[in-house]
Amino acid sequence: MSGPDSGPDFSAGRPRPWRPDDLLNVNSNTERAAYGVVPGVVGANASEPVPPETVGGLVREFSKAAAEMAVEFGKGCRDIVRQSLGNRDSVLVRSFGKVRDSYLGKIVTRLRGKLRFINEYLPEDKEPLHAWSVIVFVSFLAFAALYVNSESTVSTPTPEIKKIYIHPPSAARIMLPDGRYIAYKEQGVLADRARFSIIAPHSFLSSRLAGIPGLKASLLEEFGVRLLSYDLPGFGESDPHPNRNLESSAMDMLLLADAVGINDKFWVVGYSSGSMHAWAALRYIPDRLAGAAMFAPMVNPYDSIMTREERRRTWEKWARSRKFLYFLARRFPRFLSYFYHRSFLSGKHGQIDKWLSLSLGRRDKALIEDPIYEEFWQRDLEESIRQGNVKPFVEEAVLQVSNWGFSLADLKLQKKQRGKGVLNWLKSVLSAAQEEYIGFLGPIHIWQGMDDKVVPPSMTDFVHRILPGVAVHKLPYEGHFTYIYFCDECHRQIFTTLFGTPQGPLDITIEVDQSTLEGHTEEQEEVALGDSVPAQAET
């Protein structure tokens, strides 16, 4: 038996109990190992802390643990499927038990045989298809986690949200007979020098500021054109109408023309949904119109005289969200206010295609991203919603899809049918009256972009079928905005088509009384002779 201060006693077959003093008496690595002491840790370096594990090591350990958990999870799912669906009495086996004898089953069996060499490298589970399916699943989750993590770490600048600014009132206004005020904007030559006058009602979510976007004053001067645009009731600075419809819209246009001094006939311009009011003017005030210019004209998509094919070609171009908005406007118009308050009435600027659920072509998308268009659109939008009232917008949407009160067929030029009966026959014979025509007698021009997805070309084809006398100008590769917005060459082509060779404004000649002019000339001659007498005397 060893003493208390001596080394360990190995003769007994086991070491004695360990004491702290043994650390000072251990001199060899063999003895240290016998006591479980690791070399390099005790002694002089015993007080130094253990170095922490690296981040890479922690990530590797975490990945291994996650992989092991995923493998166990996969095995558990496999066992559940086997127990519930893989036994001989299950519905799956009874229904698809013959799959193994099929061609596909033979391919799977052959593939499993070829993959059996991988069994040597797989832990525990020796079935390649089972194990590798779990490995692929875990790899997919790992890559997805890395992708999400990289996306979140990359600093993406958030786009600046611009708030809508309501500008001070600046429009010229006239008062209508019913006491309402209508705001308008005037461009081009003065009234007494205008060779042609144009009135342009604006489209949905627009205002009098739109007119013909980007139209230069020099072109109006060159053709002698006076252009008037106005705010529809409830838009911009115009007062709302208590019972608005398309007939009242045409009457507002007529009263505006009379108030600003348009005594002759004028042209009407309709763009997109604004053409709805141009169609109304052609129906209700045809005698005051010289002609009409339409750009991607909107018609009622629920028009009863549309054929099934025309309706299909029109609706298939629209997104589901836009179809849904049309459905609400026709059936449940009150729900539109909810969507409008979340979009253009939210107090913040956004993209027109998202607000109105528009499907745009490639060139239209490039145009709306242009800074010039963006600035123009934002200013026009701010003016359109300045009253903050959703009712005019709901009314405008409902007008597009409801009964207009007339049909496009009513605009077709046709002979007026005489009344039946003997009296009408005698009246026609005795008076020898000439044939009378109904409909619109003037020219109608339509410009239609063939890549327009807002107002599809099928709508223009429908108009041309109903009104064969309309002059249709099809524009290849043009969209809904690209031809009329900020295109100087396009505007010149339009004016040349409508008005011919530019002749400038009208010349203002001042008529002078010739007798007064002759008397004034004689007085000047007498004064000249009187002045010459003293001059001769001096000589």
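Here, every reference points to the structure presented above.
This text gives an overview of the structure that appears in the document. (Residues numbered from 1 in each chain as written. Predicted model: local features only at pLDDT ≥ 70, side-chain atom pairs only at ≥ 80, totals over all residues. Heavy atoms only, no water.)

1. With respect to the overall build of the protein
1) Next: Looking only at helices and strands, the protein has 20 helices and 10 strands in total.
2) Next: Burial analysis of the protein (539 residues in total) assigns 37% to the buried set.
3) Next: Within the protein, counting contacts between residues at least 6 apart in sequence, those at least 24 apart form 76% of the total.
4) Next: Accessible area of the protein: about 33600 Å², with a carbon and sulfur share of 57%. (Helix = DSSP H or I, 4+ residues; strand = E, 2+ residues; numbered from the N terminus. Buried < 20%, exposed > 50% of the residue type's maximum accessible area, 1.4 Å probe, protein only. Contact = heavy atoms within 4.5 Å. Areas by Shrake-Rupley, 256 points an atom, 1.4 Å probe, with all protein chains shown as cover.)

2. Topic: the state of the cysteines
1) Next: A complete count under the given rule lists one disulfide for this structure.
2) Next: A sulfur-sulfur separation of 2.1 Å characterises the disulfide bridge that pairs C487 with C490. Taking the torsion about the sulfur-sulfur bond, which here is approximately 60°, the covalent link between C487 and C490 counts as right-handed. There is no split in this pair, since C487 and C490 are both buried. (Disulfide = S-S within 2.5 Å.)

3. Side note on the sheet that holds strand β6 (residues 289–295)
1) Next: Read across the sheet, eight strands follow the order β1-β2-β4-β3-β5-β6-β9-β10 without closing on themselves; strand pairing throughout is mixed. Strands with a single pairing partner mark the edges of an open sheet, and in this sheet they are β1 (172–175) and β10 (471–475). Mean inter-strand twist for the sheet, computed between neighbouring axes without regard to direction, equals 25°.
2) Next: Here strand β9 (residues 444–449) runs beside β10; their pairing, made up of five bridges, is parallel. Looking at the pairing, I446 lines up with V472 of β10.
3) Next: Docked against the sheet, helix α9 (residues 275–284) engages β3 (196–201), β5 (266–271), β6 and β9, running at close to 155° with respect to β6.
4) Next: Those strands touched by helix α18 (residues 457–466) are β9 and β10, and its axis lies near 155° from that of β9. (Pairing = 2+ DSSP bridges. Axes fitted to C-alpha atoms, helices over the stretch in contact; angles between N-to-C directions.)

4. Notes on helix α15 (residues 371–384)
1) Next: Over its 14 residues, α15 extends 20 Å from the first C-alpha to the last, a length consistent with the 20 Å expected when each residue adds 1.5 Å.
2) Next: Of all the residues in α15, the buried ones are Y373, F376, W377, Q378, D380, L381, E382, E383 and S384.
3) Next: Buried residues along α15 sit in contact with α13 (352–355), α14 (362–368) and α16 (391–401).
4) Next: Sitting at the head of α15, D370 places a side-chain oxygen 2.8 Å from the backbone nitrogen of I372. (Expected span 1.5 Å × (residues − 1). Polar contact = N/O pair within 3.5 Å; in protein donor to acceptor, adjacent residues only side chain to side chain.)

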